[in-house]
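Architecture and fold: a report
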Amino acid sequence: MQKSIDYWDIVPNTGIGEFHILDTWDKVADYLKNNNISYVVEQNIAYYSIRTENMLISFDKDKCIFAISVFNDFKGKINNSIGLNSTLKDVENNLGEYCNGLNEICPTYELKSIKGVEFKLSDDEKYDNMDFEWDETIVPIVEITVWKEASWKKQTSC
C-alpha cells in the first residue's frame with residue numbers, strides 16, 4: 001500500500017517521497033490531481049511553487065523542482081528518526097553535527113556531513129522567555145527543506 005503524502009520519507013539532497021529534485025511541474029501536478037490532493041499555485045519574481053496543506057514544492061524557470069519544504073502536520077522523517085517537532089539535539093544525536101545555515105531572513109540550520117537539507121526552528125515566543133538563556137537545541141523544528149546541493153544553493157555555511 002502506498003504511503004500517504006504526509007508520511008513520505010525525507011531524503012536530503014534527493015527529495016521527499018514521490019517527489020524528487022528536478023522532477024517536472026507536470027509530474028507533481030498530475031500526482032496531486034490523480035490523488036485528489038488540493039493545492040494552490042504561487043508565484044514570485046524568481047520562481048513558481050505548488051503548496052499543499054503540509055508541503056511547498058518550488059520550481060525553477062524550466063519548471064523543475066529545486067526545493068521541497070514540509071511543515072504543519074507533515075509526519076515523514078529523515079532516516080526514520082528526524083521530523084517536525086524534533087529538536088537540534090535530536091538532529092545531532094541521530095544525524096550528526098549541525099551548523100548555522102545561510103538564510104539571514106529566517107535563521108536555519110544545516111548538517112555538516114549530509115548536504116541538501118535545512119531545518120527551521122519554531123519562532124514561538126515561549127522559547128524567548130527571559131528566564132533562561134536561548135538554547136536552540138531544545139526548540140522544535142517546524143520546517144524541513146531538501147534540495148539538490150548543486151541545483152539551489154551554490155554554497156553552504158558548514
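Below, the structure is looked at part by part. (Residues numbered from 1 in each chain as written. Predicted model: local features only at pLDDT ≥ 70, side-chain atom pairs only at ≥ 80, totals over all residues. Heavy atoms only, no water.)

**Some points on the sheet that holds strand 1 (residues 10-11)**
Pairing is antiparallel across the open sheet formed by three strands, whose spatial order is 1-2-3. Each edge of the open sheet is held by one strand with a lone partner, namely strand 1 and strand 3 (19-20). (Pairing = 2+ DSSP bridges. Helix = DSSP H or I, 4+ residues; strand = E, 2+ residues; numbered from the N terminus.)

**Concerning unusual backbone geometry**
For asparagine 36, which is not a glycine, the phi torsion comes out positive at approximately 50°. Mapped onto the secondary structure, asparagine 36 falls in the loop between helix 1 (25-34) and strand 4 (40-43). By relative accessible area, asparagine 36 is classed as exposed at 74%. Despite not being glycine, lysine 63 has its phi angle at roughly 65°, a positive value. Position of lysine 63 among the secondary structure elements: in the loop between strand 6 (55-59) and strand 7 (65-70). (Buried < 20%, exposed > 50% of the residue type's maximum accessible area, 1.4 Å probe, protein only.)

**Here we look at the pattern of salt bridges**
What the rule picks out here adds up to four salt bridges. Among the ionic pairs, lysine 61 bridges to aspartate 62, the shortest N-O distance being 3.7 Å. Grouping residues by exposure puts lysine 61 and aspartate 62 together as exposed. A salt bridge links glutamate 97 to lysine 112, with the nearest nitrogen and oxygen atoms 3.6 Å apart. One end of the pair, glutamate 97, is in the loop between helix 2 (88-94) and strand 8 (98-100); the other, lysine 112, is in the loop between strand 9 (108-111) and strand 10 (117-121), with 15 residues separating them in the sequence. (Salt bridge = Lys/Arg side-chain N within 4 Å of Asp/Glu carboxyl O.)

Interpretation note: all reported values are geometric properties and have no functional meaning in isolation.
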